Amino acid sequence: MDAGIAREDSVNSGELKIYYHGNVKLCDVCDRLRDIDFVMSQRDIDLHKSYKDMSQAADLGCQMCQAFIQCQGKTRPGRYRNGKPIVEDGLEEKQRQISLVPRLHGRKSSVFYVRQDKNAHMWNVAFYDPLSDMIYGRPVDSRSDSDSSLNTLSTWIDTCKSEHKICSWDEESVLPARVIDVGSEDQDPRLVTTNGETGSWVTLSHCWGGQVAITTTEETLSQRHAAIPLDVFPPSFQDAVILTRKLGFKYIWIDSLCIIQNCREDWNRESVKMYEVYSNSALNISATASRNAKEGIFETANGRRSITMRNLLTLPSFSNSKTVKGQISWRRFTLGESVYNEPLHRRAWVLQESVLSPRRIDFASGQTYWSCRTTSLCESFPHIDTGDNETLIVSAKDLFRMEATNHAPNPVCHPVGPYNTPISWWDKMLHSFFKREVSVHSDLLPAVAGVAAKIEERSGYTYKAGLWLEDFHRGLLWQSHGSVEKVENATAPSWSWASRKQPWHPRFLFLDVYEEGHRAKILDHQVRTVSESPYSQVANSRLEMEGFARPLTFWNGESIPVFNNMYGYDLRLFNQFLENDELLESEKPIPVGRILCTIDYKDSSEDTADQQHANLVERGVICFQIAKFGHRSHNFQHLTREFIQENVHTIFGLLLEPTGKEGEYERVGLVEIPDEIATGWDKMKVVIA
């Protein structure tokens, strides 16, 4: 084994042997983990035969076993199935062979997880350790504002400038209408009206958290132009100004100061340009862990470093193949832990800021992350792309690598990937956007306007209140996994997801492929916005369609619809094609020949299907067929491709309620219709408000 490092001592205790390496004690099972050649050559590393055996080794002093036990049985953040968080059982509940699974290359370089409890552990070595050429993980500084941390940021910026061919740096972009000159230690910052001047600037993404301590208004505009003393800024803004200076930039753009907050005209004009402000900036600073401007960027970014970055133990390690030895530290590494779970990335506005910024630094509570059009890095892995700082299920890098071209209408769109077309990327991005909060509902469409513009550039599609005209039927079939309320007096039409209160979790319908037949015809579509931009807030709209419809009064007695709301929103018509042993009780197939209704907003007083049906009948609700979709990407591995293409599909429609105006309806839900009862319906024209 280790020919280069002599063990100081060892003791036997029954079948277990304990080795001493200075102050470190290891059982003979864990002692093998010091051998890098051995670890890197294994797919699975068998540890102890059971939790009981591991506990005995820990009781005898094995510090590696103690570390495994200390970390076991945790909840994995951000992991859900059918809307419910997954909680992993601990090792104690699984009395079987315990294995360590290396994930040494690619996005989880130097990371291992214990197969039985899914807790992960990470190797890291000091930057100048002899083993640093073999091990990619690095220790994280205890402070986000230390000289070491700032040097890492500067290195990332310099590398992006000098080596990344697809990361463009434009030092002479037209500046936003207003920016903040950050000044120096001897000169106060001040607001500058740029009048079309050029230069480079940094942007700040932050949580307002209610009312921001400092804004620009019509009354304070001249005062801001004169000077903004540093101590007037709230802590997050102070940190951003200081960091901008240290990184060598002159200007920073902060929304609450660079847009006149009590001037609607200025807001309407500047808010639709915000995507250009972020797209053309040199760098985005994200106050990721801060809940509001009163919480400093660095203070909140230091919050969990002492916990998440604490080394459990350090082992003298070696590689005989490389004739090198050094010190490897082990620490806990939570799978699924990323910037996505931080306060900032729960905000709707920030999604656009994150996607559009060509370079971004996220000051998260455990470590700092970097992303650009070329790579994603973090302090733990400062030289290798891990992907852990993606704030979406999809990557902004992938969007900007797509060529601008005119795509055909009615595209194939795989919900489980790859997300290599503009529309598949957009659809998956929305799944993240829907879960985010927005303080002012009328901001919802402007908050994603810049991303929509990039999708239009790359697809040639036409934007309509959050949907795409060339993929309109699929776009109409958005659905919440739970009750979602329509905003009172919303200007967005009921057929758009932008008419609903966020956040909400989307329901997965797997609308992969448009199929022939049962498709409603679009007769007229008009969307007028409050500004010249088609991506801004809707002022008014009109959608007229022609298709097949049937009133809910048609079904009664034992044939009334099945209501998804009664079953936790897990029912889908195509569940009949899934293997029963994979289904939850709430996913079991519904009776043959019944339609499946999913109401957008469920009245809590309606406890039974009969009550829901009676209520909808009384309101005059109709089922209106929209389109037929084939499902290709779900778990149908047990079926042949031919069977799937011929049989696994669903006719989807909208549940529409009369508004009181002749021929006008609004959306109240979704309906899934079996083939065998989809014919013989009346053809009718409807206007959907």
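The notes below deal with the structure included here. If you're wondering where the values come from, they're calculated on a predicted model, not measured in any experiment.

Focus: the overall build of the chain
Step number 1: Helices and strands together make up the secondary structure of the chain, namely 19 helices and 32 strands.
Step number 2: Relative to its 689 residues, the chain shows a buried fraction of 57%.
Step number 3: Long-range pairs, those at least 24 residues apart, make up 69% of the contacts in the chain between residues at least 6 apart in sequence.
Step number 4: Element-wise, carbon and sulfur atoms account for 46% of the exposed surface of the chain, whose accessible area totals about 29400 Å².

Digging into the pairing of strand β32 (residues 682-688)
Sheet faces and side chains relate simply in a regular strand, where the side chains alternate between the two faces.
Step number 1: Pairing geometry for strand β26 (residues 538-551) and β32, over 6 bridges, is antiparallel. Looking across to β32, one finds that A549 is bridged to D682.
Step number 2: As judged from the 2 bridges shared by strand β31 (residues 664-673) and β32, these two strands associate in the parallel manner. By the bridge assignment, Y665 is partnered in β32 with I688.

Side note on the packing of aromatic side chains
Step number 1: This structure, assessed with the given rule, holds 22 aromatic pairs.
Step number 2: With a centroid separation of 5.9 Å and an interplanar angle of 70°, the aromatic rings of F577 and F643 are classed as edge-to-face. Of this pair, F577 sits in the loop between β27 (562-563) and β28 (596-599) while F643 sits in helix α19 (residues 641-647), and the two are 66 residues apart along the sequence.
Step number 3: On the basis of relative accessibility, which here comes to 15%, the residue F577 falls in the buried class.
Step number 4: When its relative accessible area of 33% is taken as the criterion, F643 is described as partly exposed.
Step number 5: Following the ring pairs from residue to residue traces out a cluster consisting of F433, F434, W478, W497 and W504.
Step number 6: A cation sits over an aromatic face here: R550 above F554, 3.8 Å from the ring centre.
Step number 7: Looking at R667, its charged tip hangs above the ring of W478, at a distance of 3.5 Å from the centre.

Things to note about the packing of helix α13 (residues 348-356) against helix α16 (residues 449-459)
Step number 1: It is at 8 Å that the axes of α13 and α16 come closest, and there the two elements cross at 45°. Between α13 and α16, the angle is such that the two are oblique. Across from L351, Q352, V355 and L356 in α13, the residues of α16 making contact are A449, G450, V451 and K454.

Reading the values: rules and limits
- Once a new chain begins, its residue numbering starts again from 1 and follows that chain's sequence as written.
- Local features in a predicted model are, by the rule used here, given only for residues with pLDDT of at least 70; side-chain atom pairs are given and counted only at 80 or more, and totals for whole chains, interfaces and linings are based on all residues.
- The side-chain quantities take in all heavy atoms of the structure and omit both hydrogens and water.
- Here a strand is any run of E in DSSP of at least two residues, a helix any run of H or I of at least four, and the numbering for each starts at the N terminus.
- Remark: exposure states derive from per-residue accessible area (1.4 Å probe, protein chains only) relative to the maximum for the residue type, with buried under 20%, exposed over 50%, and partly exposed in between.
- Note on contacts: a residue pair qualifies if any of its non-hydrogen atoms lie within 4.5 Å across the two residues.
- To be clear on the numbers: accessible area is Shrake-Rupley with a 1.4 Å probe, and residue cover counts the displayed protein chains and nothing else.
- Should DSSP find at least two bridges between two strands, the strands are taken to pair.
- What counts as a ring pair is set by centres within 6.5 Å for rings of Phe, Tyr and Trp (its six-membered ring), and what kind of pair is set by the plane angle: stacked under 30 degrees, edge-to-face over 60, tilted for all other angles.
- Distance and angle both matter: a charge sits over a ring if NZ of Lys or CZ of Arg is within 6 Å of the ring centre and within 35 degrees of the ring normal.
- Note on method: axes are straight lines fitted to C-alpha atoms, helices fitted across the in-contact stretch only, with angles between N-to-C directions ranging 0 to 180 degrees.
- Oblique is the label for every angle not falling under 35 degrees (roughly parallel), over 145 degrees (roughly antiparallel), or within 65 to 115 degrees (roughly perpendicular).

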